Amino acid sequence: MDMEYKTVCDAATLQSNPEGFFYTYAKGVLESSPQTLARFSAAVTDKERILLCWSLPATHEYLTIQSAYQAKDPISAADKRNKANQVSKTNPEQALSFLNQSVIRDKYGSSSISQTLYLRSSLLLSMFRPDLALQDAQAALKGIEEDRKYLVYILIGDCISKLKQNSNFKKAEVAYKVAENLAAKLKDKIKLQVMQIIKEKLVTLAEKKLETEQKPPREEPLHLLSNSSQSFQGAFDGFDLKASRELGRYGVTNIDVDTGSTVIVEGPYASVLNSEKYGTYCLNCLERLTTAFPCPWCRSVGFCSEKCCDAAIKSYHLYECQTADIVKASGMSAVSRLALRMVTWNDLSYFKNNEAPEDKLNSPYSIKNLVGHTERREAMDLFNRTMMTIFLLKLLKFSGYFLKRKNTPVEVKEVQGVPDLDEDELLISSLLLRNLQILQFNAHEVTDLVFVNGKGLNNAKSHSVGLAIYQIASLLNHSCYPNVARYFSGTKLVIRALRKIPSGEPILDNYGPLFTHKSIKERKRTTNGRYWFDCQCDACYHNWPTYRELEEEIRRIRCYYRDGQKEY
């Protein structure tokens with residue numbers, strides 16, 4: 001094993017940005033007393049490790065949490081809106097980008113943000129996106145001036161009528177009628193003009209009802225191989241678990257699986273967006289943004305819809321928003337942020353009722369049953385993870401996570417000296433430390449397919465969007481010659497068979513290195529250094545050559561054909 005590479009990999013799961021301050025902080029605490037590491041090494045349980053590190057005065061002297069985030073900036077928002085107006089006719093895509101930035105930066109609930117939403121809705125309608133335009137127009141109603149609401153209702157009617165569904169024509173008619181009633185309060189000259197416009201739109205709408213129904217394209221649902229498993233939610237009903245001393249627990253199929261069959265469709269237990277994707281992907285569902293909806297408090301992130309925004313601000317973002325810049329400055333890795341998100345995703349009462357970190361749940365695929373290899377970790381690695389746990393706990397305490405549930409962010413100032421940890425804080429810190437260990441080996445990189453220089457597979461490139469933890473997918477073992485492949489739809493993970501998988505055989509995922517492109521030395525360096533196991537899959541055991549090493553004339557693609565095998 002390449003120990004230097006392993007150490008680098010381990011360290012990067014806590015702090016991925018070398019310019020961050022976390023390791024400087026942890027080192028300072030370690031060196032504050034010559035006996036710190038020796039005392040820490042004697043600790044047996046995670047709770048003992050946490051209590052020891054928390055009791056050190058340097059832990060609190062060297063790090064004080066305070067509010068630090070990108071606040072709203074109405075002046076910048078107005079500037080972006082003006083720039084959008086300047087280019088809306090010549091470059092609508094750029095105008096849309098400016099309007100997205102304006103929405104994210106503007107004061108939440110203000111009349112100016114409603115004005116921007118109205119402008120963006122009009123732009124989207126001209127770009128043939130009535131679905132998104134309708135979403136914006138409806139959101140614009142919340143803060144628009146009373147004497148301008150008729151304009152929004154006209155726009156809503158336009159959006160609905162462009163959806164080209166006969167079932168929506170009545171809704172469009174209602175929107176126009178509401179606009180007509182509001183316009184009746186206008187001054188006579190303006191009222192006559194508006195009434196004439198609405199009348200013409202109602203006539204056009206009536207004509208559309210007579211046209212042949214045109215249905216928009218529908219996305220095909222993601223079908224499982226057969227009925228869903230009753231024991232493993234998200235997997236097909238042939239999924240099962242086996243275990244051995246050498247392989248640990250691993251997923252298998254107890255029925256024959258055909259090539260191309262979908263075996264898992266699973267949403268995440270928790271997920272985080274890569275910080276460099278803030279503003280271009282939805283913080284909540286990790287879908288690429290066409291239009292951005294704002295956080296009520298900061299201007300750092302965006303959401304694809306009000307639904308995603310509400311889900312975030314009512315749970316995790318409520319506790320993460322006001323310390324976002326501290327997290328960024330620390331250099332914290334996606335693994336560490338995901339460990340925090342696994343807690344902030346739910347409130348304290350959930351964990352008090354459902355969690356006991358050192359107990360095993362009956363469920364065979366519970367998150368807490370995933371391996372973290374605590375017993376194999378060196379004292380220094382555990383110390384750093386414990387210090388990250390304390391950092392995350394400080395963030396939670398500051399944000400009011402341990403207070404009664406609320407709807408807006410609060411700040412809880414730290415007390416001087418070394419405060420005691422109560423039972424709730426010790427429970428959550430134990431969960432955080434557990435998360436930091438299991439995520440190192442079980443988190444999945446969420447990817448998106450981007451087309452460079454045109455469409456088509458030859459121009460497609462997969463790139464990282466975020467990180468997530470999946471309960472079923474985490475049970476699949478690795479092979480350098482996998483029999484399944486995975487892809488993502490936002491945070492939804494889909495796994496399909498690459499070839500026939502006979503009943504009783506393991507379902508084999510790939511953690512990164514494929515035998516076709518990497519030599520056995522490179523592959524084993526990765527599996528040993530990053531995942532702490534020596535791969536013994538068929539490709540490694542028999543030392544299969546890479547594609548580059550194969551002679552052209554002996555290359556063959558093996559295809560399973562009925563009861564036998566046929567080579568091409």
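Residues numbered from 1 in each chain as written. Predicted model: local features only at pLDDT ≥ 70, side-chain atom pairs only at ≥ 80, totals over all residues. Heavy atoms only, no water.

A.B. asks: Where do I start with the sheet that holds strand β8 (residues 460-469) in this structure?
C.D. replies: Strand pairing in a sheet relies on backbone hydrogen bonds. The paired strands run either parallel or antiparallel. Ordered in space as β4-β8-β7, the three strands form an open sheet in which the pairing is antiparallel. Taken across any chain shown, the strands that pair with only one partner, and hence form the sheet edges, are β4 (270-273) and β7 (443-451). Pairwise comparison of adjacent strand axes, ignoring direction, gives a mean angle of 40 degrees for this sheet. Across four bridges, β4 lies against β8 in antiparallel orientation. (Pairing = 2+ DSSP bridges. Helix = DSSP H or I, 4+ residues; strand = E, 2+ residues; numbered from the N terminus. Axes fitted to C-alpha atoms, helices over the stretch in contact; angles between N-to-C directions.)

A.B. asks: Is there a simple way to think about the packing of helix α2 (residues 22-30) against helix α18 (residues 379-398) in this case?
C.D. replies: For any two helices packed against each other, the geometry is given by the interaxial angle and the distance between the axes. In the contact formed by α2 and α18, the axes pass within 10 Å of each other and the chain directions differ by 110 degrees. Judged on the interaxial angle alone, α18 and α2 are roughly perpendicular. For the crossing formed where α2 meets α18, the hand is right-handed. Packed against α2, whose contacting residues are Phe-22, Tyr-23, Tyr-25, Ala-26, Val-29 and Leu-30, the element α18 presents Met-380, Phe-383, Asn-384, Met-387, Met-388, Ile-390, Phe-391 and Lys-394 at the interface. Of the residues in the contact of α2 with α18, the class split is 12 nonpolar, one polar and one charged. (Parallel < 35°, antiparallel > 145°, perpendicular 65-115°, else oblique. Left-handed = near helix turned anticlockwise from the far one by under 90°. Contact = heavy atoms within 4.5 Å. Nonpolar A, V, L, I, M, F, W, Y, C, P; charged D, E, K, R; others polar.)

A.B. asks: Could you clarify how one ought to interpret the layout of surface pockets in this entry?
C.D. replies: A water-sized probe rolled over the atoms picks out the places where empty space is left. Reported here for the second largest pocket is a volume of approximately 680 Å³. Ser-275, Tyr-278, Val-327, Lys-328 and Arg-337 are the residues nearest the centre of the second largest pocket, which is lined by 28 residues in total. Counting only elements with at least two residues in the lining of the second largest pocket, the list comes to α14 (317-320), α15 (324-330) and α16 (334-344). Of the residues in the lining of the second largest pocket, the class split is 12 nonpolar, 10 polar and six charged. (1 Å grid on protein atoms, 1.4 Å probe; cavity = no way out; pocket = protein on both sides within 12 Å on 5 of 7 lines; lining within 4 Å. Points joined across faces, edges and corners; volume = space filled by probe spheres on them.)

A.B. asks: I would appreciate a short explanation of the sheet that holds strand β3 (residues 262-266) in the present structure.
C.D. replies: The strand order β3-β11-β10 describes an open sheet built from three strands, whose pairing is antiparallel. The sheet is open, and its two borders are formed by β3 and β10 (484-489), each paired with just one other strand. Between one strand axis and the next, the sheet turns by 15 degrees as a mean value, whatever way the strands run. Pairing geometry for β10 and strand β11 (residues 492-497), over six bridges, is antiparallel. Looking at β11, one finds that Tyr-487 is bridged to Val-494.

A.B. asks: Can you help me understand the pattern of salt bridges in this one?
C.D. replies: Pairing is possible between side chains that carry opposite charge, provided their charged atoms lie close to one another. Using the criterion set out here, one finds 21 salt bridges in the structure. Close ionic contact of Lys-397 with Glu-425 constitutes a salt bridge, the shortest N to O distance being 2.7 Å. One end of the pair, Lys-397, is in helix α18; the other, Glu-425, is in helix α19 (residues 423-442), and 28 residues separate them in sequence. Of the residues examined, Lys-397 reaches a relative accessible area of 23% and is grouped as partly exposed. (Salt bridge = Lys/Arg side-chain N within 4 Å of Asp/Glu carboxyl O. Buried < 20%, exposed > 50% of the residue type's maximum accessible area, 1.4 Å probe, protein only.)

A.B. asks: Sorry, what's going on with the packing of aromatic side chains here?
C.D. replies: Both the distance between ring centres and the angle between the ring planes are used here to describe each pair of aromatic rings. Under the counting rule described, the total for this entry stands at 17 aromatic pairs. Where Phe-21 meets Phe-391, the ring centres are 5.9 Å apart and the plane angle is 50 degrees; that geometry is what we call tilted. Here Phe-391 lies in helix α18 and Phe-21 lies in the loop between α1 (3-12) and α2, a separation of 370 residues in the sequence. Seen from their ring centres, Tyr-481 and Trp-544 are 5.2 Å apart, and the 65 degrees between their planes marks the pair as edge-to-face. Of the two residues, Tyr-481 is situated in the loop between β9 (477-478) and β10 and Trp-544 in the loop between α21 (538-541) and β13 (558-561); the sequence distance between them amounts to 63 residues. Through successive ring pairs, a cluster of aromatic residues spans Tyr-481, Phe-515, Trp-544 and Tyr-547. The ring of Tyr-316 carries Arg-341 above its face, with NZ or CZ at 3.8 Å from the centroid. (Phe/Tyr/Trp six-rings, centres within 6.5 Å; stacked < 30°, edge-to-face > 60°. Lys NZ or Arg CZ within 6 Å of the ring centre and 35° of its normal.)

A.B. asks: Help me out: how do you make sense of unusual backbone geometry in this one?
C.D. replies: Glycine aside, the phi torsion of most residues is negative, and most peptide linkages are trans. Of note, Leu-286 is a non-glycine position whose phi angle comes to about 65 degrees, a positive value. Relative to the helices and strands, Leu-286 is located in the loop between β4 and β5 (293-294). Judged by its relative accessible area of 4%, Leu-286 falls in the buried class. For Trp-532, which is not glycine, the phi dihedral falls at a positive 65 degrees. Note on placement: Trp-532 falls in the loop between α20 (520-531) and α21.

A.B. asks: What is the right way to read α18 from this model?
C.D. replies: Counting along an α-helix, one turn takes 3.6 residues, and residues three or four places apart therefore face a common direction. With 20 residues, α18 should reach 28 Å at 1.5 Å per residue; the first-to-last C-alpha distance of 28 Å fits that figure. Counting buried residues in α18 gives 17 out of 20 residues, a clear majority hidden from the surface. A positive phi of about 85 degrees marks Gly-400, the residue just after α18. (Expected span 1.5 Å × (residues − 1).)

A.B. asks: Please clarify how the environment of Tyr-176 should be interpreted in this entry.
C.D. replies: Along the chain, Tyr-176 turns up in helix α11 (residues 169-183). With near-sequence residues (within four places) excluded, Tyr-176 lies in contact with Ile-154, Gly-157, Asp-158, Ser-161, Ile-198, Lys-201, Leu-202 and Leu-205. At 2.5 Å, the side chain of Tyr-176 forms a polar contact with the side chain of Asp-158. (Polar contact = N/O pair within 3.5 Å; in protein donor to acceptor, adjacent residues only side chain to side chain.)

A.B. asks: Help me understand the side chain of Thr-526 in this model?
C.D. replies: Inspection of the secondary structure puts Thr-526 in helix α20. Given the relative accessible area of 17%, Thr-526 is considered buried. In this structure Thr-526 touches Tyr-5, Pro-513 and Tyr-531, once residues within four positions along its chain are discounted.

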